[in-house]
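Read off the chains here:
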Amino acid sequence: MLVKVFERPKSMFPVTTHYCPGCGHGIIHRLLAEVIDELGIIERVAGIAPVGCSVLIYNYINCDMYEAAHGRAPAIATGCKRVHPDLIVFTYQGDGDLASIGTAEIIHAAARGENITVLFVNNAIYGMTGGQMAPTTIIGQKTTTSPNGRAPGREGYPVRVAEMLATLEGAAYIARVAVHKPKYIIAAKKALRKAFETQINGLGFSLVEFLSQCPTNWGMSPQKAVDWVEEKMIPCYPLGEFKTPETKKTVEEA
Amino acid sequence: MSPFYEDVIIAGFGGQGILFIGKLLAYAVMKEGRNVTWIPSYGPEMRGGTANCTVVVSDEEIGSPVITNPRSLIIMNNPSLEAFEPRLKTGGLLVVNTSLVTLQPKRTDVNIVKVPANEIAIEVGNDKVANMVMLGAYIAKTKIVVKENILEALKKVLGKEKEELFELNKIAFEKGIEIGNM
Amino acid sequence: MGEKVLISGNEAIAEAAVQAGCRFFFGYPITPQNKIPEYMSKRLPQVGGCFVQAESEIAAIYMVFGAAGAGARVMTSSSSPGISLKMEGISYIAGAELPCVIVNVMRGGPGLGGILPSQSDYFQATKGGGHGDYRLLVLAPSTVQEAVDLIMDAFDLADKYRNPVMVLADGYIGQMMEPVEFKKSPPPELPPKNWAITGAKGRPRNLIKTLYLNPVELEKHNLKLQQKYLEMAKNEVRVENYMTEDAEIIIAAYGTTARITKTAIKILREKGINAGLVRPITLFPFPYSTFKEIAEKVDNILVVEMNMGQMLEDVKIGVCGRAEIHFYGRTGGMVPSYDEIAVQAEKIVKEEAI
């Protein structure tokens, strides 16, 4: 008897993505679809797409979706979740979207403890617009708007979103993961599942930051990009759980 | 008979209950089935500075809720007298709180009712109800609404929380009516 | 007749929204409209609704986007500088064809401007405001009662056209108290919200978006929007003609300015000058044909606004050279008095006579 051991998640449309070779978005999309399938929640999921490379995520994930303006996904998620508390609401946002133009929205969604799940894809660069500096661009990294490499005296420092949001009482689950190697991908899926479970259990705001590769705009081969995540990004953005519902303390409890 | 019309500007310091007596008046007018508008001066100038509101009463549709030359004035401090006295219509009514207004009204073509409102208020128990004395005097002069409707409005506005203040306000209001009728 | 209550414009707007079925409100404090969010924060939980004080006007309008997209009746309110911030989101809401109600209690501008009444956001409200080729349906109340009635209608109109509706008030309407009756009219038949985000159970998934990378599709989308605006122009124009029958001069004004003008008209008529008022109630769609007709009957039209001449441009389009158009405006929070308006009108009539 033949057993299928690998198949397309049901939540994904049977189409080819538009992402570049070696890009992390495809992997993260798949993890999202797998978690949705495993939790059996596809009929009550509402997603919010960002502006950036992954704006077209709604062409790949077969659930009710909004397309947001740049950075505003957490506010849209708030509006949707307040109307339908029984829906499982997620936003999918890149680093420019979430950590630059949408900084206010993400911080206050977390501070309010909005019961939503955020997939934050940090590839340290603006992909869609052609490789400009991101708030998460690391020191020394060359981009089209930091051609001499990001220098703190000129371009300031990278923003560590997971650490920052973990300080907020409203945040229940905050983790940073990577998707450049299988062992990391397995851990990433676990974190994403935990984030959704946090929401399903009504425990508050959850966010998973994915370190992701962008070979095209980093100007390297996919293999080199994998190494770059390992050697350059992880030292700047350490992986792990920064907050879990178990460690979450409210002001009253503290 | 031409349809009933009246407008009044009530002015003084913030905290004197200027807007409050304007609302009582507007409420009583509404009870009597007439059209009414109440409009305050609003914004930062109301905090500790001068406060005023305009009440327009009419049997017809009310046009402007803001009035250039009012028919009546209730004046609770010196700056308000200086600001509004020149604007009062000829033959209009000026009710002035002589406890606080030390300036003398200059107009000779208007009816002036002098009310030592704070002194009376202190006599009845609390100088905070000077506004009610002024309102009483104004209503006695104009007969714009019946006394009972002001008292009903007062009861409603004070609510259960401030019920105990009703009697004091009522007495002050009635004292004002007496002055107005003198 | 129902019971009348004495209530401020801001609170009346909020209560009317609740009575029209609005259960969600997202806003940010700004003078002179704070009584609206304050009222909603107390009132909505009583009726099973939800109020969120957003971190900014921008976030507030996207919460509206989210709630409207989820199929709810939702409102936000602000005042001029805050409405400017919301403009990005309003463009997206119009593009995504989501129904919602936006209240602008106008204050003086530009920039931080002042907090006193103004009508200087007419262009912003009626000509777009945000980016792209879109329109809001714009309603301009002149009294507190009318604010109540128009808010109630606004929700129905928003649902009918799947379009944001703006209620354009000014600081005076917001602060003023008047006796008001909340008249609940039977809800009209409205299209089902089968496009809303509710979870794709037993139906294909729904998608709310504004991105059309293919220009052929985007043009088609724009033409569909334009068709909707033409429908509004055909069906929804509202205008009050006040003492226009025998008028020798017409004053055009809306909102608070219009009711002040009614007093001016009384003064003018006492002086033997037959003045009348044309008061647009919908600013978009604008009552162009009313002005076309009136211009056939009078030689002079005086436009009065609390700005430096914005509705003036629409009056010119309507009149199209058939009559002389004059303008009197106060701005920055200064409100034209009925005396001033009467003087202006009298001057025009007398100059005409010479």
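Keep in mind that what you see is a predicted model, and the values were worked out from it rather than measured.

Here is what the cut-offs are and how they apply
- Residues numbered from 1 in each chain as written.
- Chains lettered and ligands numbered in written order.
- Predicted model: local features only at pLDDT ≥ 70, side-chain atom pairs only at ≥ 80, totals over all residues.
- Heavy atoms only, no water.
- Helix = DSSP H or I, 4+ residues; strand = E, 2+ residues; numbered from the N terminus.
- Rg over C-alpha atoms; globule rule 2.2 N^0.38 Å.
- Buried < 20%, exposed > 50% of the residue type's maximum accessible area, 1.4 Å probe, protein only.
- Contact = heavy atoms within 4.5 Å.
- Areas by Shrake-Rupley, 256 points an atom, 1.4 Å probe, with all protein chains shown as cover.
- Lys, Arg positive; Asp, Glu negative; His and termini not counted.
- Charge placed at Lys NZ, Arg CZ, Asp CG, Glu CD.
- Phe/Tyr/Trp six-rings, centres within 6.5 Å; stacked < 30°, edge-to-face > 60°.
- Lys NZ or Arg CZ within 6 Å of the ring centre and 35° of its normal.
- Patch = residues over 30% accessible without salt bridge, like charges linked within 9 Å, V, L, I, M, F, W, Y side chains within 5 Å.
- Salt bridge = Lys/Arg side-chain N within 4 Å of Asp/Glu carboxyl O.
- Pairing = 2+ DSSP bridges.
- Axes fitted to C-alpha atoms, helices over the stretch in contact; angles between N-to-C directions.
- Core = buried A, V, L, I, M, F, W, Y, C linked by side-chain atoms within 4.5 Å.
- Domains from an automatic or database assignment.
- Buried area = accessible area lost by both parts, 1.4 Å probe.
- Arc of directions from axis to C-beta.
- Polar contact = N/O pair within 3.5 Å; in protein donor to acceptor, adjacent residues only side chain to side chain.

Asks: How would you sum up the overall build of chain C? Please name residues and give values.
Replies: If you tally the helices and strands in chain C, you get twelve helices and 15 strands. Here the C-alpha radius of gyration of chain C, 21 Å, is about what a compact globule of 354 residues would show, namely 20 Å. The principal-axis extent of the C-alpha atoms belonging to chain C is close to 75 × 50 × 40 Å. Within chain C, buried positions represent 62% of all 354 residues. Here the analysis covers contacts within chain C between residues at least 6 apart in sequence; of these, 80% occur between residues at least 24 apart. As displayed, chain C has an accessible area near 13200 Å², and 53% of this comes from carbon and sulfur atoms. Mean positive and mean negative side-chain charge positions of chain C (37 and 40 charges, respectively) differ by 6 Å.

Asks: Outline the packing of aromatic side chains, listing residues and values.
Replies: Following the criterion strictly, the structure yields eleven aromatic pairs over all chains and no others. Seen from their ring centres, F286 of chain C and F291 of chain C are 5.5 Å apart, and the 10° between their planes marks the pair as stacked. A relative accessible area of 5% means that F286 of chain C is categorised as buried. An aromatic cluster of three or more residues is present, and its members are Y66 of chain A together with Y62, F65 and Y92 of chain C. The ring of Y242 of chain C carries K262 of chain C above its face, with NZ or CZ at 4.8 Å from the centroid.

Asks: Tell me about a nonpolar patch on the surface, residues and numbers included.
Replies: Residues M1, V3, V5 and F6 of chain A make up a contiguous nonpolar surface patch of roughly 600 Å² in combined accessible area. Position of F6 of chain A relative to the elements: it lies in the segment before helix 1 (25-39).

Asks: So what's going on with the sheet that holds strand 8 (residues 205-211) of chain A? Which residues, and what values?
Replies: The sheet built from eight strands is open, its strands ordered 9(A)-7(A)-8(A)-4(A)-3(A)-1(A)-2(A)-9(C) with mixed pairing. Bordering the open sheet on either side are strand 9 (240-243) of chain A together with strand 9 (207-208) of chain C, each of which pairs with just one other strand. Judged from the six bridges that link them, strand 4 (residues 117-122) of chain A and strand 8 of chain A form a sheet pairing that is parallel. Residue V118 of chain A lies in a different strand from strand 8 of chain A, and its bridge partner there is L207 of chain A. Against the sheet, helix 4 (residues 103-111) of chain A makes contact with strand 3 (88-94), strand 4, strand 7 (171-178) and strand 8 of chain A, and its axis sits at roughly 135° relative to strand 8 of chain A, the strand it touches most.

Asks: How would you summarise the nonpolar core if you had to cite specific residues and measurements?
Replies: Side chains that are nonpolar tend, in soluble globular proteins, to be buried together. Counting residues in hydrophobic clusters, the biggest one holds 161 residues, and the most contacted among them are F205 of chain A together with F65, M75, I151, M166 and I301 of chain C. For this core, the leading source of residues is helix 6 (residues 144-161) of chain C, giving eleven residues. A domain-level breakdown of this core finds at least three residues from each of domain 1 (5-235) and domain 2 (240-353) of chain C. In this structure, C53, V57, M134 and A172 of chain B belong to the second largest nonpolar core, which totals 53 residues.

Asks: Report on the domain arrangement of chain C, specifying residues and quantitative values.
Replies: Residue and element names in this part refer to chain C. Per the domain assignment, the segments making up chain C are domain 1 (5-235) and domain 2 (240-353). A C-alpha centroid distance of 28 Å is found between domain 1 and domain 2. Taken together, the 31 residues of domain 1 in the interface contact 25 residues of domain 2. Summing both sides of the interface, domain 1 and domain 2 together bury roughly 2300 Å²; the carbon and sulfur share of this comes to 55%. At the junction of domain 1 and domain 2, the tally comes to three salt bridges. Across the salt bridge formed by E178 and R259, the nearest N and O atoms sit 3.0 Å from each other.

Asks: So what about helix 10 (residues 288-297) of chain C? Which residues, and what values?
Replies: Residues and elements named next belong to chain C. Listed as buried for helix 10 are T290, F291, I294 and A295. Within helix 10, the buried residues cover an arc of 130° as seen down the axis, which keeps them to one side. More than 90 degrees from the buried face of helix 10, the exposed residues found are E293 and E296. Along its buried surface, helix 10 packs onto strand 10 (239-242), strand 11 (249-252), strand 12 (275-280), strand 14 (300-305) and helix 11 (311-319).

Asks: For the arrangement of the chains, give the residues involved together with the corresponding values.
Replies: The interface with the most contacts, out of two pairs of chains in contact, is the one formed by chains A and C. Taking C-alpha atoms only, the smallest gap left between chain A and chain B, which are not in contact, amounts to 29 Å.

Asks: Let's hear about the interface of chain C and chain B: which residues, and what values?
Replies: Contacts between the two partners involve 24 residues from chain C, matched on the other side by 23 residues from chain B. Summing both sides of the interface, chain C and chain B together bury roughly 1900 Å²; the carbon and sulfur share of this comes to 64%. Sorting the residues of chain C by area buried against chain B places L6, M177 and Y338 of chain C first, and these three jointly supply 27% of that buried surface. There are two salt bridges connecting chain C and chain B. Across the pair K262 of chain C and E61 of chain B runs a salt bridge, and its minimum N-O distance is 2.6 Å. Applying the counting rule to chain C against chain B returns eight residue pairs in polar contact (both at pLDDT 80 or more).

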